[in-house]
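# Overview (structure and organization)
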Amino acid sequence: MTNPVLASYVVPVHPHPLLVPEQNEGWQRLRDAFDEARQQISDSGADLIIIYSTTWPSIIGHQIQADPNPTWTLVDQDFHDLGSMDYSFRIDAEFAEAWNKANHARGLQSRTVAYNGFPIDVGSVVALKLLNPDNAIPAVIVSSNVYANRAETTVLAKSCLDVLKSTGKKAVAVTAMSMSNRMFTEFIDAADDKIHSLKDDEWNRKVLEFLEEGRLEDVAQLSRTIHQQIRVQKVVTFKPMWWLSAMNDNRNDLTGRVLAYEALHGAGGAVVHLDPTSNGMGDKEYDEDDVEVYHGERNVLDAEGSENTPEAKHVADNGPALWDPAEGKDAVNTDSAPTPVGLYPHARRVGDLLYLSGVGPRQPGTNAIPGGPIRDANGEPLEYDIKAQTRAVVENIARILEEAGSSMEQVVDVTCVLVDMDRDCAGYSEVWAETLGHYGPTRTTLAIRALPTPIAVEMKVIAKI
Amino acid sequence: MRLMLGRTMAKGSIVAGCLAPHPPHLVYAENPPQNEPTSEGGWEQLRWGYERLRESLSKIDHDVLVILSPHWQTYVGTHFLGLPHFEGLSVDPIFPNLFRYSYNLDIDVELSKAIHDKAADAGLAVKMMENPDFRVDYGTITTGHMVNPAFDKPLVVISSNRSRHYYSVEVMQEMMMELGRVTRDAILESGKKAVVLASNSLSHRHFTTESDVPEDMSKEHITSHAMHLWDMRIIDYMRTGQAQRIIDEMPEFTEQAIAESDGGGLTWLLSTLTVPTYPAILHGYGTIIGTGNAIVEWPCYAHEEV
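Residues numbered from 1 in each chain as written. Chains lettered and ligands numbered in written order. Predicted model: local features only at pLDDT ≥ 70, side-chain atom pairs only at ≥ 80, totals over all residues.

## Observations concerning the overall build of chain B
Under the convention used in this document: Helical segments are the DSSP runs of H or I of at least four residues, strand segments are the runs of E of at least two, and each set is numbered from the N terminus. In this description the radius of gyration comes from C-alpha coordinates, and the expected globular size is given by 2.2 Å times residues to the power 0.38. Exposure classes come from backbone-placed C-beta atoms, where a residue is buried if 20 or more other C-beta atoms lie within 10 Å of its own, exposed if 12 or fewer do, and partly exposed in between.
Across its full length, chain B holds 9 helices and 10 strands. Relative to the globule expectation of 19 Å for 306 residues, the C-alpha radius of gyration of chain B, 18 Å, shows essentially globular dimensions. Once the C-alpha set of chain B is aligned to its principal axes, its extents read approximately 55 × 45 × 40 Å. For chain B, the proportion of its 306 residues judged to be buried stands at 57%.

This is how it looks when you write it as structure tokens:
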């Protein structure tokens, strides 16, 4: 299925281009760039504008705006003397709720917010008022979680894509963000505005050069470095590029164009258009793993997902004995894969081929089963999530392949076993299509009576090295 | 007995200094009519602490509450609410399920402007906030409510300049020490009796999940032992009159406990009190969604010439 994101934009968060563009030529150029982007979005046929805003921090996972018509007057906390911003937006609440649900399915903590008077952040207000002034296209806004890492932010985008694909909607993705975010800490005359330092300016230009070449995933991979170099250490880091890149399938061959780059009280403000049309030179240079499901430490309160959960304890106490992986010539073993339930290696090399032992969803180190076990300690059936289990299987496979110097692209043949074909084949196939199916290996799916641990799916993989 | 300290004196005074944290959970737990969500209580240790603080302050004659709130975050200088009255609806952007509060409060613009002007003379970047559409931050409202739910005394509201993020804790402390000094000078010259309040938590690492019933106290505890040790260390300094040690250790505390002292409020507060050497009164300590919160009063009236 093709990616439903029709275009992506990077836009600045400060209110100057909205409220007082006439006070500075650069602010006016940013306003003109907003206007050009607005026209492009209007012409794109998009059903939805999705905004990831760095000026909406959150703590309890991510928050998604779900008030169908949030209406208020916003005044910026710093630049209150520039004026007030009345807003009345059209939000696709149904999409917001679906995205929230999809987040949970992929292991994320998130919630929707729909409260009268909820303070929509300045970055979102500026973006929506300038990019969609007549509310012709409904919008969705998501917060930037202060504790989120790359994996969580990436999965946030993938769950958004899940909903876009399931609803058939086409969208424009927008990140409201500064480039360098160091403002002058003193008051300046509008005419004197400039990027705070030469270093900030040079880094901004380098990042924009990457974006103009369509190398979005490279910028995402450089996110931590960029943050260290040109970002004031506020609560929100330079993470929107993780989200935007994942929304674009982590590509490096987009068609990019910088519509404007100017100073906003010293910070770097840019309007960038990223067209999904391939520029034809997209080598993937990045090296960080892709991630499908979040397995982070969100459940601080209950420590769910750890070795302390009843499910994990059940496996440890009642399951088959766990073994150290078999060593031997050409064996491949890793601590990042589930502990074997017999004396065998995780994989074995034969020439330029790699044969993996059957891989299930159990988590390395804890034996927890994402999506839950299929039966309890007494053998009574339990509800479980086949998609979560399948994603965990694929992630375990990816770790073993990486340990062996192979990758998902190198997978040749997969034999899958399901303990309940009727119940689980559709869900398993859906995850397959999102993951291994992308790479085109042959596949055989068999129904079997049981597996050694209370899991529903296991895969046997042959890959090239 | 109500202490009428300083009533006949023209010179103003700081009659009490307070650490008065602002997690909106405390307002939510009280079920006041101004707040829309309702609860089954929770965080009683802290709310009883606020009861004791209110009782203590009720015995001290004062004209104005001066609050520095870490949730009015400004990056370009320090700002002051500069209009005589604000009202509206405050919705917490992080915990909107807990805090949707209709506020109605008065500002002592004269004293605000006096502090502003002295800070400008001292070389600090400052600005009066005079946009009538401005929404007062929920930190100010929560602290204001917990200290004086009737809001029948005017406030001075000072923003939190984020110089710690732009530079360092040391630079933040330099600026906040100076802001505290000019705040004190302006109060003394005003002829008014003021209570100064820093609206911040101590250790500030949150849980990243929320229980189904937010006020379920079986889920509430400090996020880590290290945070607890830091909080107890700082509280011990407060209770034993060693405020200078808090200033000295502020960089380590702020960094290692991810403390909300990064907003400058605690340093500013101690500066307004000329870094007190007398013991503070600990009215309460408790955790809120994993963060450490202490309600502390420095009873200046008993230790300073007012």
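## Observations concerning the overall build of chain A
When you go through chain A residue by residue, the secondary structure sums to 12 helices and 16 strands. Its C-alpha atoms give chain A a radius of gyration of 24 Å, within 12% of the compact-globule value 23 Å for 465 residues. Projected onto its principal axes, the C-alpha coordinates of chain A cover approximately 75 × 50 × 40 Å. In chain A, which comprises 465 residues, the share counted as buried stands at 52%.

## What to know about the confidence of the model for chain B
Residue and element names in this part refer to chain B. The following threshold applies: The pLDDT score gives, residue by residue, the confidence of the prediction method on a 0 to 100 scale. A pair of residues counts as a contact when their C-beta atoms, built from backbone coordinates, are within 7 Å of each other.
Mean pLDDT over chain B stands at 94; residues scoring 70 or higher make up 96%. Confidence drops under pLDDT 50 across residues 4–9; counting only partners more than four residues distant or on other chains, this segment forms 9 contacts. Across the whole predicted complex the pTM is 0.78, and at the interface the ipTM reaches 0.92.

## Considerations on the interface of chain B and chain A
Put simply, the rule is: Following the grouping adopted for this structure description, the nonpolar residues are Ala, Val, Leu, Ile, Met, Phe, Trp, Tyr, Cys and Pro, the charged ones are Asp, Glu, Lys and Arg, and the polar ones are all others, Gly among them.
Taken together, the 29 residues of chain B in the interface contact 33 residues of chain A. Of all the secondary-structure elements, those providing two or more residues to the side of chain B that touches chain A are strand S2 (64–74), strand S4 (85–91), strand S6 (126–129) and helix H5 (163–166) of chain B. Residue composition of the side of chain B that touches chain A, grouped by class: 13 nonpolar, 10 polar and 6 charged.

## A look at helix H9 (residues 265–272) of chain B
All names here are of chain B. Taking burial as the measure, the 8 residues of H9 include 8 buried ones, the bulk of the element. Those residues of H9 that fall on the buried side of the exposure criterion are Gly265, Leu266, Thr267, Trp268, Leu269, Leu270, Ser271 and Thr272. Two residues or fewer after H9 comes Thr274, characterised by a positive phi angle close to 55°.

## Remarks on the domain arrangement of chain A
Defined as follows: Throughout the structure description, domain borders are defined by an automatic or database domain assignment.
According to the domain assignment, chain A contains domain 1 (5–275) and domain 2 (319–464). The centre of domain 1 of chain A, based on its C-alpha atoms, is set 38 Å off from the matching centre of domain 2 of chain A.

## What to know about the nonpolar core
This is how the line gets drawn: By definition, a nonpolar core groups buried Ala, Val, Leu, Ile, Met, Phe, Trp, Tyr and Cys residues that connect through C-beta atoms lying within 7 Å of each other.
With 124 residues, the main nonpolar core has A:Ile49, A:Ile51, A:Val140, A:Val174, A:Val271 and A:Ile397 as its most contacted residues. Examining the composition of this core, we find that 10 residues originate from one element, helix H11 (residues 386–404) of chain A, more than from any other. A domain split of this core shows at least three residues from each of domain 1 (5–275) and domain 2 (319–464) of chain A. With near-sequence residues (within four places) excluded, A:Ile397 lies in contact with A:Leu356, A:Val359, A:Met459 and A:Val461. Judged by nonpolar contacts, the second largest core, of 88 residues, contains B:Val27, B:Val157, B:Ile234 and B:Ala280.

## Here we look at the pairing of strand S4 (residues 71–74) of chain A
Residues and elements named next belong to chain A. Put simply, the rule is: Between any two strands, pairing holds if DSSP finds at least two bridges.
Side-chain alternation along S4 places Trp72 and Leu74 on a buried face and Thr71 and Thr73 on a face that remains uncovered. Bridging between S4 and strand S5 (residues 85–88) involves 4 bridges; their strand directions are antiparallel. Looking across to S5, one finds that Leu74 is bridged to Met85.

## A closer look at helix H7 (residues 225–239) of chain B
All names here are of chain B. Formally: One less than the residue count of a helix, multiplied by 1.5 Å, gives the span that helix is expected to have. Each C-beta atom gives one direction from the helix axis, and the arc is the one those directions make.
Helix length check: H7, at 15 residues, gives a terminal C-alpha distance of 21 Å against a target of 21 Å (1.5 Å per residue), a fit within 8%. Among the residues of H7, Met227, Trp230, Asp231, Ile234 and Met238 are the ones counted as buried. The arc enclosing the buried residues of H7, seen along the axis, measures out at 100°, which places them on a common side. Residue Gly241 follows H7 closely and has a positive phi angle near 70°.

## Details of the packing of helix H5 (residues 150–167) of chain A against helix H9 (residues 240–247) of chain A
Packed helices, taken two at a time, are described by the angle between their axes plus the distance between the axes. All names here are of chain A. For the record, the criterion: The angle between two axes is taken between their N-to-C directions and runs from 0 to 180 degrees, where each axis is a line fitted to C-alpha atoms and a helix contributes only its stretch in contact. Note: crossing handedness is left-handed where the near helix turns anticlockwise from the far helix by less than a right angle, and right-handed where it turns clockwise.
Contact geometry of H5 with H9 gives a least axis separation of 8 Å together with a crossing angle of 35°. Crossing hand, H5 versus H9: right-handed. Side by side, H5 and H9 meet where Arg150, Thr153, Thr154, Leu156, Ala157, Lys158, Cys160 and Leu161 of the first sit next to Trp242, Trp243, Ala246 and Met247 of the second. When the residues that make up the contact of H5 with H9 are grouped by side-chain class, the tally is 8 nonpolar, 2 polar and 2 charged.

## Describing unusual backbone geometry
Across the chain, the bulk of peptide bonds are trans and the bulk of non-glycine residues have phi less than zero. All names here are of chain B. Positive phi values are uncommon outside glycine, yet Thr274 reaches one of about 55°. Along the chain, the position of Thr274 falls in the loop between H9 and strand S9 (281–288). Notably, Ile289 is not glycine yet its phi reads approximately 45°, a positive angle. With respect to the element layout, Ile289 can be found in the loop between S9 and strand S10 (291–298). Look at Ile289 and you get buried, because 25 C-beta atoms sit within 10 Å.

## Some words on the sheet that holds strand S16 (residues 457–464) of chain A
Residue and element names in this part refer to chain A. Reading across the sheet, the 6 strands line up as S11-S12-S13-S16-S14-S15 and stay open at both edges, with mixed pairing between neighbours. Every interior strand has two partners, whereas the edge strands, strand S11 (331–332) and strand S15 (442–447), have only one. As paired strands, strand S12 (residues 347–350) and strand S13 (residues 353–356) are joined by 4 bridges and run antiparallel to one another. Of the residues in S13, the one forming a bridge with Arg348 is Tyr355. Seen against the sheet, H11 touches S11, S12, S13 and S16 and runs at an angle of roughly 30° to S16. Across the face of the sheet, helix H12 (residues 421–434) comes into contact with strand S14 (411–418), S15 and S16 while running at roughly 150° to S14.

## Considerations on the environment of A:Asp32
Within the secondary structure layout, A:Asp32 lies in helix H2 (residues 25–44). The exposure class assigned to A:Asp32 is partly exposed, which follows from the 15 C-beta atoms found within 10 Å.

## Re the environment of B:Arg54
Relative to the helices and strands, B:Arg54 is located in helix H2 (residues 44–58). Judged by local crowding, B:Arg54 falls into the partly exposed class, with 14 C-beta atoms found within 10 Å.

## Some thoughts on the environment of A:Pro12
Residues and elements named next belong to chain A. Structurally, Pro12 can be placed in the loop between strand S1 (5–11) and helix H1 (16–19). Measuring from C-alpha to C-alpha, the distance between Pro12 and Asp324 comes to 53 Å, with 312 residues separating the pair along the chain. In contact with Pro12, other than residues within four places in its own chain, are Leu30, Ser178, Leu264, Gly269 and Ala270.

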